[in-house]
Number of protein chains: 2
Amino acid sequence: MENSTSEPQPLLALVDALKRLPGVGVRTARRMAYHLLQHDLQAAQQLGQALTNAVERLQHCEQCNGFTEVPICATCLHPERDKTLLCIVETPADQNSIEATHGYTGLYYVLMGRLAPLEGTGPDELDFDRVLARAADGIVQEVILATNFTAEGETTAHYLSEALRTRGIKVTRLARGVPAGSEIEYVDAGTVAWALMERKPT
Amino acid sequence: MENSTSEPQPLLALVDALKRLPGVGVRTARRMAYHLLQHDLQAAQQLGQALTNAVERLQHCEQCNGFTEVPICATCLHPERDKTLLCIVETPADQNSIEATHGYTGLYYVLMGRLAPLEGTGPDELDFDRVLARAADGIVQEVILATNFTAEGETTAHYLSEALRTRGIKVTRLARGVPAGSEIEYVDAGTVAWALMERKPT
């Protein structure tokens, strides 16, 4: 009785498409498909339209490489932002985190990734020539490297730091240390070691 | 500088739509959106089309309530299936699990849910009248309750069992016991207790 209960093709196609989302395996994809079709048809339609819309309308900002609907995004065009500061982040999510501090008024460059040689992401994939050209526009005075403090983020920061320094651009990195509000007893040893090394006079 | 880095509307709409998937919060939705737009535009298009397609083309089988492209699904129409057996499952995924045993040749009824009074899912939401009518077609000799062995699945099975029995239909439930290939030492006490109570002569 082979194929007697094979599922209808549109359902299989939907499961296949959902499986391509990061972190979604076949079981989760099935659960999502059943949920959408059984309990939330409206969400299925909404998601379908949002995807088509986003693919058609979003592009990368010519200056900061972030997502935008226009050639140059609102952040890059904002008249009150400090054009002498350029903060390099891995993703738009990181940019949001820095914006949320309300303590940074400079501009951004979004790498849309980090160096990961084992996954085939090298300086060319991230278009480092474009990053360096952006930083060497003659207006930027300082580049703040705000890539993650993971092995890959550190590698990316190191690589960019070297390349920018040889071009005579001032480069800084986000400070490492004990997180705000944390108890030293519960902070991991690596962080405490950094905080000790980079201790500041009060 | 309010709104200076507000993200473009199509991106926000996509994140909102992804958030409606089960088990997806705002952070995961953002990660999915960035991934699709940055690394897998093709997947975004594919998913968009699959969703539209599925919403337009899938319907519920008139007999078993499963998803199908035609009024009555291939399983219900299959000439070699035993029409005297009706297996009631919660979801199409459960049906797939039973099909995968290659040991069941009867028909199915898919509830597309289970009784969950706290979530507002009662006998009316699951259309129990239709289930009972299906089971009382005069051809079905035995109804196998294959709802999950969770509190809600057990409640659903109990409710259906009572309703079917008063209509004079034979009702059985999947056996509970120690899973195949498992070591008793590592099986939870509840399962061992069931296995003891329902022990079989060899």
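Basis of the calculations
Residues numbered from 1 in each chain as written. Chains lettered and ligands numbered in written order. Predicted model: local features only at pLDDT ≥ 70, side-chain atom pairs only at ≥ 80, totals over all residues. Heavy atoms only, no water. UniProt positions renumbered as here; feature names shortened; annotations may be inferred. Helix = DSSP H or I, 4+ residues; strand = E, 2+ residues; numbered from the N terminus. Rg over C-alpha atoms; globule rule 2.2 N^0.38 Å. Buried < 20%, exposed > 50% of the residue type's maximum accessible area, 1.4 Å probe, protein only. Contact = heavy atoms within 4.5 Å. Areas by Shrake-Rupley, 256 points an atom, 1.4 Å probe, with all protein chains shown as cover. Least-squares fit on C-alpha atoms with pLDDT ≥ 70 in both. Patch = residues over 30% accessible without salt bridge, like charges linked within 9 Å, V, L, I, M, F, W, Y side chains within 5 Å. Salt bridge = Lys/Arg side-chain N within 4 Å of Asp/Glu carboxyl O. Lys, Arg positive; Asp, Glu negative; His and termini not counted. Charge placed at Lys NZ, Arg CZ, Asp CG, Glu CD. Core = buried A, V, L, I, M, F, W, Y, C linked by side-chain atoms within 4.5 Å. Buried area = accessible area lost by both parts, 1.4 Å probe. Polar contact = N/O pair within 3.5 Å; in protein donor to acceptor, adjacent residues only side chain to side chain. Nonpolar A, V, L, I, M, F, W, Y, C, P; charged D, E, K, R; others polar. Pairing = 2+ DSSP bridges. Axes fitted to C-alpha atoms, helices over the stretch in contact; angles between N-to-C directions.

- The name given to chain A in an unreviewed UniProt entry is Recombination protein RecR, with Zwartia hollandica as the source organism.
- Among the UniProt annotations of chain A, the heading Function (unreviewed entry) holds the following wording: "May play a role in DNA repair. It seems to be involved in an RecBC-independent recombinational process of DNA repair. It may act with RecF and RecO."

1. Some thoughts on the overall build of chain A
- For chain A, the count of helices and strands is eight helices and six strands.
- A compact globule built from 202 residues should have a C-alpha radius of gyration of about 17 Å, whereas chain A, at 22 Å, is more than 25% larger.
- When the backbone C-alpha atoms are referred to their principal axes, chain A occupies close to 75 × 45 × 35 Å.
- The buried share among the 202 residues of chain A stands at 44%.
- Contacts spanning at least 24 positions in sequence make up 46% of the contacts within chain A whose residues lie at least 6 apart.
- Looking at chain A as shown, the accessible area adds up to about 10900 Å², and 53% of this sits on carbon and sulfur atoms.

2. Structural notes on the UniProt feature "zinc finger region: C4-type" (unreviewed entry) in chain A
- The residues that UniProt annotates with the feature "zinc finger region: C4-type" (unreviewed entry) are residues 61–76 of chain A.
- Span residues 61–76 of chain A is 19% helix and 12% strand, its end C-alpha atoms 9 Å apart.

3. What about the relation of the copies chain B and chain A?
- Between the two copies, chain B and chain A, the superposition gives an RMSD of 0.1 Å; the rotation angle is 180° and the shift along the axis is 0.0 Å. The transformation relating the two chain copies, once decomposed into turn and shift, fits a two-fold axis. When C-alpha distances to the rotation axis are compared across chain B, the minimum falls at Gly48(B), with a value of 2.1 Å.

4. Side note on a negative patch on the surface
Residues and elements named next belong to chain A.
- Taken together, the side chains of Asp124, Glu125, Asp127 and Asp129 make up a negatively charged region of the molecular surface.
- Relative to the helices and strands, Asp127 resides in the loop between strand E4 (106–110) and helix H6 (128–135).
- The partly exposed category is assigned to Asp127, whose relative accessible area is 38%.

5. What to know about the nonpolar core
- Of all hydrophobic cores here, the largest spans 64 residues; its most connected members are Leu14(A), Leu18(A), Leu21(A), Leu14(B), Leu18(B) and Leu21(B).
- Those residues within four positions of Leu14(B) in sequence are excluded, and the remaining contacts are Leu47(A), Ala50(A), Leu51(A), Ala54(A), Ala33(B) and Leu37(B).

6. Observations concerning the interface of chain B and chain A
- On the chain A side, the residues contacting the 58 residues of chain B number 58 residues.
- Of the roughly 5300 Å² buried between chain B and chain A on both sides combined, carbon and sulfur atoms contribute 69%.
- Across the chain B-chain A interface, the total number found is two salt bridges.
- Between Arg20(B) and Asp40(A) there is a salt bridge; the shortest N-O distance is 2.8 Å.
- For the interface between chain B and chain A, the tally reads eight residue pairs in polar contact (both at pLDDT 80 or more).
- For the side of chain B that touches chain A, the elements supplying multiple residues, two or more each, are helix H1 (9–19), helix H2 (26–39), helix H3 (41–57), strand E2 (67–68), helix H4 (74–77) and helix H5 (92–99) of chain B.
- Looking at which element gives the most residues to the side of chain B that touches chain A, the answer is H3(B), with 14 residues.
- Classifying every residue of the side of chain B that touches chain A by side-chain character gives 29 nonpolar, 18 polar and 11 charged.

7. Focus on the sheet that holds E4(A)
Residue and element names in this part refer to chain A.
- Across the sheet, four strands lie side by side as E4-E3-E5-E6; this open sheet has parallel pairing. Strands with a single pairing partner mark the edges of an open sheet, and in this sheet they are E4 and strand E6 (170–173). Strand after strand, the sheet turns through a mean of 25° between neighbouring axes, direction not considered.
- Two elements, strand E3 (residues 82–89) and strand E5 (residues 142–145), share four bridges in a ladder whose sense is parallel. Note that in E5 the partner of Leu86 across the bridge is Val143.
- Here H6 sits on the sheet and contacts E3, E4 and E5; the angle it forms with E4, its principal contact strand, is near 170°.

8. Considering unusual backbone geometry
Residue and element names in this part refer to chain B.
- For Asn65, which is not a glycine, the phi torsion comes out positive at approximately 75°.
- Along the chain, Asn65 turns up in the loop between strand E1 (59–60) and E2.
- Overall, the relative accessible area of 9% leaves Asn65 in the buried class.
- For Met112, which is not glycine, the phi dihedral falls at a positive 60°.
- Among the structural elements, Met112 can be located in the loop between strand E4 (106–110) and helix H6 (128–135).
- On the basis of relative accessible area, Met112 is assigned to the buried category, the value being 6%.

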